[in-house]
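So you can see what is in the structure, the chains are spelled out below.
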Amino acid sequence: MSLLEPDEPPAVEIVNPQGTSEAVLICDHASARLPRRLGDLGLSEAQRLEHIGWDIGAAAVARRLSLAIDAPLVLTGYSRLAIDCNRPPGVPTSIPVLTGSVEVPGNRDLSEADKAARVTGLFEPYHAAIAALLDGRAAAGKASAVLAIHSFTPHLGDARPWNIGVTYGRDRRLAGCFLETLQAFWPGIVVGDNQPYAVTDSGDYAMPVYGERRGLLHVLIELRQDGVTDATGQIRWADRLAACWRQFAGDLPALALQPVS
Ligand SMILES: [Zn+2]
């Protein structure tokens, strides 16, 4: 039995697939929607609409950025509470039983079949779409750089002063361009260099798989939620990211030839 019923929205949405930019945008935590078969997972609506359910504002910024730079954009259709599309399936945070300080009753004691249904119903279609898009562009001789758009909560543990985090794992090439350009253009903005998180193999999926393993330039952008809650903030950040991108887009071919350090 498939997880999604025929009348439910698909697990993945692709915007502007023919976009001419070298940027390929992805949004792993775009939606707070849950598949009908999963009910509410034992959480209130308020909890499901908090940062534990999705990246507030991230999809809106990504859609505007896609429009501004004519880039394709791939978005998840469902909540990270059902399965986190930026985690390798099988790690404890993939289908979280505990997220932040919130227990998720509907994720407790799942059978292997229940877990597999979430992987095949939600995770795999999303990643198959990204892989197909990147494969198609490569086959057409089109270069790709992968930009993941996320948002983070200001309320977790210690104070989080950064307005934006530019994050990466083993390959800082594209992240370095964003860091330099953001700081040069907007000195008043607090930019986190691999803050509030660094990209890791167990805490991430897309950057290791599409960036590092394919050898594509990549960066994961984290926007602090309070800056992208409303349309004004979403437009402001999409414009800033578009301005950064345009500033160094012409240097990407040379950047792609540089060694990863
Ligand atoms: Zn996220």
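So, how was this worked out
Residues numbered from 1 in each chain as written. Predicted model: local features only at pLDDT ≥ 70, side-chain atom pairs only at ≥ 80, totals over all residues. Heavy atoms only, no water. Core = buried A, V, L, I, M, F, W, Y, C linked by side-chain atoms within 4.5 Å. Buried < 20%, exposed > 50% of the residue type's maximum accessible area, 1.4 Å probe, protein only. Helix = DSSP H or I, 4+ residues; strand = E, 2+ residues; numbered from the N terminus. Contact = heavy atoms within 4.5 Å. Axes fitted to C-alpha atoms, helices over the stretch in contact; angles between N-to-C directions. Parallel < 35°, antiparallel > 145°, perpendicular 65-115°, else oblique. Left-handed = near helix turned anticlockwise from the far one by under 90°. Nonpolar A, V, L, I, M, F, W, Y, C, P; charged D, E, K, R; others polar. Donors = N, O, S within 2.8 Å, 3.2 Å for Na, K, Ca; no water. Salt bridge = Lys/Arg side-chain N within 4 Å of Asp/Glu carboxyl O. Phe/Tyr/Trp six-rings, centres within 6.5 Å; stacked < 30°, edge-to-face > 60°. Lys NZ or Arg CZ within 6 Å of the ring centre and 35° of its normal. Pairing = 2+ DSSP bridges.

- For the chain, the name recorded in an unreviewed UniProt entry is N-formylglutamate amidohydrolase, with Oleomonas cavernae as its organism.

### A short note on the nonpolar core
Now for step 1: One finds Leu174, Phe178 and Trp245 to be the most contacted residues of the largest nonpolar core, which totals 41 residues.
Now for step 2: Tallying contributions element by element places helix H6 (residues 231-248) first for this core, with seven residues.
Now for step 3: In this structure, Phe178 is in contact with Leu147, Val166, Val219, Ile221, Leu241, Cys244, Trp245 and Phe248, ignoring residues within four places of it in sequence.
Now for step 4: Grouped together as the second largest cluster of nonpolar side chains are 40 residues, Val12, Leu38, Val74 and Ala131 included.

### With respect to the packing of helix H2 (residues 58-69) against H6
Now for step 1: Between H2 and H6, the least distance of the axes is 8 Å, while the angle of their chain directions is 45 degrees. Considered as vectors, H2 and H6 are oriented oblique to each other. For the pair H2 and H6, the sense of crossing is right-handed. Within the contact between the two elements, H2 uses Ala60, Val61, Arg64, Leu65, Ala68 and Ile69 and H6 uses Ala231, Gln234, Ile235, Trp237, Ala238, Leu241, Ala242, Trp245 and Arg246.
Now for step 2: Residue composition of the contact of H2 with H6, by class: 12 nonpolar, one polar and two charged.

### Side note on the coordination of the zinc ion
Now for step 1: At the metal site, the zinc ion is ligated by His29 (ND1), Asp55 (OD) and His150 (ND1), and these contacts range over 1.9 to 2.1 Å.
Now for step 2: All donors of the zinc ion belong to a single chain; written as a sequence motif, their spacing is H-x25-D-x94-H. In this pair, His29 sits in the loop between strand E2 (23-27) and helix H1 (45-48) while Asp55 sits in the loop between H1 and H2, placing the two residues 26 residues apart along the sequence. Of the two residues, His29 and Asp55, neither departs from the other in class, the shared state being buried.

### Quick look at the pattern of salt bridges
Now for step 1: Counted by the stated rule, this structure contains 15 salt bridges.
Now for step 2: A salt bridge links Arg36 to Glu5; the shortest N-O distance between them is 2.4 Å. Separated by 31 residues along the polypeptide, Arg36 in the loop between E2 and H1 and Glu5 in the segment before strand E1 (12-15) bring together distant segments of the chain.
Now for step 3: Since its relative accessible area comes to 43%, Arg36 is described here as partly exposed.
Now for step 4: We classify Glu5 as partly exposed; its relative accessible area is 22%.
Now for step 5: Linking Arg108 and Glu103 is a salt bridge whose minimum nitrogen-to-oxygen distance equals 3.2 Å.

### Quick notes on the packing of aromatic side chains
Now for step 1: For the structure shown, the criterion picks out five aromatic pairs.
Now for step 2: Judged by centre distance (6.0 Å) and plane angle (75 degrees), the ring pair of Trp245 and Phe248 falls under edge-to-face. Of this pair, Trp245 and Phe248 both sit in helix H6, three residues apart, roughly one helical turn. We note that Trp245, like Phe248, is buried.
Now for step 3: Each residue in the set Phe123, Tyr205 and Tyr210 is aromatic and connected to the rest through ring pairs, giving one cluster.
Now for step 4: Positioned above the aromatic ring of Trp186 is the side chain of Arg240, whose terminal nitrogen or guanidinium carbon lies 5.7 Å from the ring centre.

### Overview of the sheet that holds strand E6 (residues 145-152)
Now for step 1: If you walk across this open sheet you meet the seven strands as E1-E3-E2-E6-E9-E7-E8, and the pairing is mixed. The outermost strands of the open sheet, each flanked by one partner alone, are E1 and strand E8 (191-193). Strand-to-strand twist across the sheet, computed as the mean angle between neighbouring axes with direction ignored, equals 20 degrees.
Now for step 2: Across three bridges, strand E7 (residues 164-167) lies against E8 in parallel orientation.

### As for the environment of Leu147
Now for step 1: Along the polypeptide, Leu147 turns up in strand E6.
Now for step 2: Once the C-alpha coordinates of Leu147 and Ala23 are considered, the two residues, 124 residues apart in sequence, prove to be 6.6 Å apart.
Now for step 3: Leaving out residues up to four positions away in the same chain, Leu147 has contacts with Ala23, Val24, Leu25, Ile26, Leu174, Phe178, Val219 and Trp245.

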